[in-house]
Amino acid sequence: MDSKLVIVLVGLPARGKSTMARKIARTLERDELKVRVFNNGELRRKLAQGNSSAPEFFSPQNPEGVAFREKCARINLDLAQSFLQEEGDIAIIDASNVSRQRREMIEETMAGRPILFLECRNADEEALEANLVRKSSLREFAHLSPQKAIDSFAKRISFYETMYEPLHSERNCIVVDSFTGSILQEKLADVVPYYDRIRDLITTRIVKNLFLVRHGETYFNLEDRIGGDSVLTAKGLAQARALAEHFSTIPIPIIFTSNYLRTLQTAAPIAEKQEHSSIIALPEFNEIHAGICDGMTYQEILARMPEVADARKQDKYGYTYPEGEGYATMEQRIHRGLQKVFYLNNYDDNIMIVGHRAVNRMILSDFLFRQKEEVPYVYMPQNRYYHLQIDPHKKNFELQPYASGQSKKR
Ligand code: F6P
């Protein structure tokens, strides 16, 4: 059988198909394979005269829309076929391909070649909702108000739902939960080239560039007070401006923060200095909740609740503050926050998270950085940030300085 491969993405809109397509393409390209993604949506936007984002355009009852989308699909299939006949090894068809009829058309056009259908699903309502909000800020919805854009995209999805037919008679398929990165189903009837590598990388978290920043100095930090929702000091604001300057030439389309003022205040100037960037606040990245100790200094805890200070010293990772949290109890929510980050971020884009001391330690820990008992002692300064790069071949956690945290006037 042919050593060339066609990968056909399947799935409703906003289920992480394009991210999956890019992840497979970029990773296999580094293994010297010639891979190209053929994206029907991009082609539609290029070929459509006027705006093709109205939900009615996607209605199966709209013959013009149906014909136009079919035309885009055929053009891309022909391009994919030529690519494989020439230098290409793997062609990835990035489109919803939700109807059986569309998939049959692909099978007919690509007859004789191995085809792997790769369906992306996501059952996490919260992540889906957040993705809808993110997608509705894309250029094709720029003429609509934010709420109208969300409604329009949701209506588009509902049209796709009416056309959706699950994979069934297709010979080779993988169904993946693109939020958790786990494989839900798989079926293999043919020899599919590169199958094991593709299967592996679907479930592997790859981080091109993640900038893990701690918020700038706060009034609470000055007094060594924990928790609270303090704002930045003048020095903290200067640190935020210095970070903004430092990252001004590095595109960061989404900056993730917690819900606390100090991370939002640090992220704001960074986003402003970017050409196009938005801030997404995730409660999963809120700082460790110190329960009854919230707002106290470490000295006050030692004086008034020596048993807390002592128990925490014995096992800082496992200890949970009374009525609060501990490092161990934060594990799940931090993991979920990172799942959201990777679901919402385009695969090729740089990621920034502006977090807190304990949260950032736990984020590093989620990437298997250090032994658990060392995690609560990881150095997490405010005048440097961690640059993470992780793939199957390397793991880099570099602590990087940015220009002076002092105000320029001083
Ligand atoms: O002091 C800042 C802070 O982010 C507190 O809000 C938090 O309780 C603490 O750091 C976490 O660090 P540690 O676990 O070392 O006390």
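Residues numbered from 1 in each chain as written. Predicted model: local features only at pLDDT ≥ 70, side-chain atom pairs only at ≥ 80, totals over all residues. Heavy atoms only, no water.

Caption draft 1: Region of interest: the site of the ligand. As a matter of local geometry, the ligand sits amid 13 residues, with Glu 287, Tyr 298, Arg 312, Lys 316 and Tyr 327 nearest to it. Between the ligand and Glu 287, the relevant distance is 2.5 Å, taken from an oxygen atom to a side-chain nitrogen or oxygen of the residue. At 2.7 Å from an oxygen atom of the ligand is found a side-chain nitrogen or oxygen belonging to Arg 312. The element best represented in the shell around the ligand is helix α14 (residues 357-366), accounting for 3 residues. Of the residues that constitute the shell around the ligand, the class distribution is 5 nonpolar, 2 polar and 6 charged. (Near = heavy atom within 4 Å. Polar contact = N/O pair within 3.5 Å; in protein donor to acceptor, adjacent residues only side chain to side chain. Helix = DSSP H or I, 4+ residues; strand = E, 2+ residues; numbered from the N terminus. Nonpolar A, V, L, I, M, F, W, Y, C, P; charged D, E, K, R; others polar.)

Caption draft 2: Structural detail: the state of the cysteines. Going through the model one piece at a time under the given rule, you end up with 0 disulfides. Note on Cys 120: no disulfide assigned, nearest cysteine sulfur contributed by Cys 173 at a separation of 13 Å. (Disulfide = S-S within 2.5 Å.)

Caption draft 3: Local environment of the pattern of salt bridges. Applying the stated criterion to the full structure yields 32 salt bridges. A salt bridge links Arg 22 to Asp 348; its shortest N-O distance comes to 3.9 Å. Within this pair, whereas Arg 22 is found in helix α1 (residues 17-29), its partner Asp 348 is found in the loop between α13 (327-344) and β10 (351-355), the two being separated by 326 residues in sequence. On the basis of relative accessibility, which here comes to 24%, the residue Asp 348 falls in the partly exposed class. Of the charged contacts, one joins Arg 36 and Glu 87 as a salt bridge, the two residues approaching to 3.4 Å between their closest N and O atoms. In this pair, Arg 36 sits in strand β2 (residues 35-39) while Glu 87 sits in the loop between α3 (63-85) and β3 (90-94), placing the two residues 51 residues apart along the sequence. (Salt bridge = Lys/Arg side-chain N within 4 Å of Asp/Glu carboxyl O. Buried < 20%, exposed > 50% of the residue type's maximum accessible area, 1.4 Å probe, protein only.)

Caption draft 4: Broad picture of the nonpolar core. The biggest cluster of nonpolar side chains holds 45 residues, and the ones touching the most others in it are Leu 210, Phe 256, Phe 285, Cys 293, Ile 353, Ile 363 and Phe 367. Contributions of two or more residues to this core are made by α5 (125-135), β7 (207-214), β8 (254-257), α13, β10, α14 and β11 (384-391). Per-element tally for this core: the top contributor is α13, with 8 residues. Summarising the domain contributions, this core has at least three residues from each of domain 1 (5-203) and domain 2 (207-401). Look past the residues within four positions of Leu 210 in its chain and what remains in contact with it is Phe 342, Ile 351, Ile 353, Phe 367, Tyr 386, His 387 and Leu 388. Listed in part, the 23 residues of the second largest apolar core include Met 20, Ile 24, Ala 25 and Leu 33. (Core = buried A, V, L, I, M, F, W, Y, C linked by side-chain atoms within 4.5 Å. Domains from an automatic or database assignment. Contact = heavy atoms within 4.5 Å.)

Caption draft 5: Here's a closer look at the packing of α5 against α13. Running from amino to carboxyl end, α5 crosses α13 at an angle of 35°, the nearest separation of the two axes being 10 Å. Along this stretch, α5 crosses α13, giving a crossing that reads as right-handed. Here Glu 126, Ala 127, Leu 128, Ala 130, Asn 131 and Arg 134 of α5 lie close against α13, whose contacting residues are Arg 336, Lys 340, Tyr 343 and Leu 344. Grouping the amino acids of the contact of α5 with α13 by side-chain chemistry returns 5 nonpolar, 1 polar and 4 charged. (Axes fitted to C-alpha atoms, helices over the stretch in contact; angles between N-to-C directions. Left-handed = near helix turned anticlockwise from the far one by under 90°.)

Caption draft 6: Fine view of the environment of Leu 5. Mapped onto the elements, Leu 5 comes out in strand β1 (residues 5-10). Assessed through its relative accessible area of 0%, Leu 5 is described here as buried. When near neighbours in sequence (up to four residues on either side) are disregarded, Leu 5 contacts Leu 84, Asp 89, Ile 90, Ala 91, Pro 114, Ile 115, Leu 116, Val 192, Pro 193, Tyr 194 and Ile 198.

Caption draft 7: Region of interest: the sheet that holds strand β9 (residues 278-281). Judged by pairing direction, the sheet is mixed, and its 6 strands sit side by side in the order β9-β8-β10-β7-β11-β12 without closing on themselves. A strand with exactly one partner marks an edge of an open sheet, and here the two such strands are β9 and β12 (394-401). Strand-to-strand twist of the sheet, defined as the mean angle between neighbouring strand axes without regard to direction, takes the value 20°. Direction of pairing for β8 relative to β9: parallel, over a ladder of 4 bridges. Across the sheet, the residue bridging to Ile 254 is Ser 278, located in β9. Packing of helix α10 (residues 261-273) onto the sheet brings it into contact with β8, β9 and β10, and relative to β8 it is tilted by some 170°. (Pairing = 2+ DSSP bridges.)

Caption draft 8: Examining the packing of helix α2 (residues 40-47) against α3 more closely. Orientation of α2 relative to α3, taken along the N-to-C sense of each, is 115°, at an axis distance of 9 Å. Relative to α3, the crossing made by α2 is right-handed. Within the contact between the two elements, α2 uses Asn 40, Leu 43, Arg 44 and Leu 47 and α3 uses Phe 68, Cys 72, Ala 73, Ile 75 and Asn 76.

Caption draft 9: Here's a closer look at unusual backbone geometry. Despite not being glycine, Ala 14 shows a phi value in the positive range, around 65°. Position of Ala 14 among the secondary structure elements: in the loop between β1 and α1.

Caption draft 10: Up close: the domain arrangement of the protein. Considered domain by domain, the protein is made up of domain 1 (5-203) and domain 2 (207-401). Each side of the interface is counted separately: domain 1 has 21 residues, and domain 2 has 13 residues. Where domain 1 packs against domain 2, one counts 6 salt bridges. The salt bridge involving Lys 340 is made with Glu 126; its shortest N-O contact spans 2.6 Å. Run the count over domain 1 and domain 2 and you get 8 residue pairs in polar contact (both at pLDDT 80 or more). The set of elements that each furnish at least two residues to the side of domain 1 that touches domain 2 consists of α1 and α5. Of all the elements, α5 adds the most residues to the side of domain 1 that touches domain 2, at 6 residues. Per-class residue counts for the side of domain 1 that touches domain 2 are 5 nonpolar, 7 polar and 9 charged.

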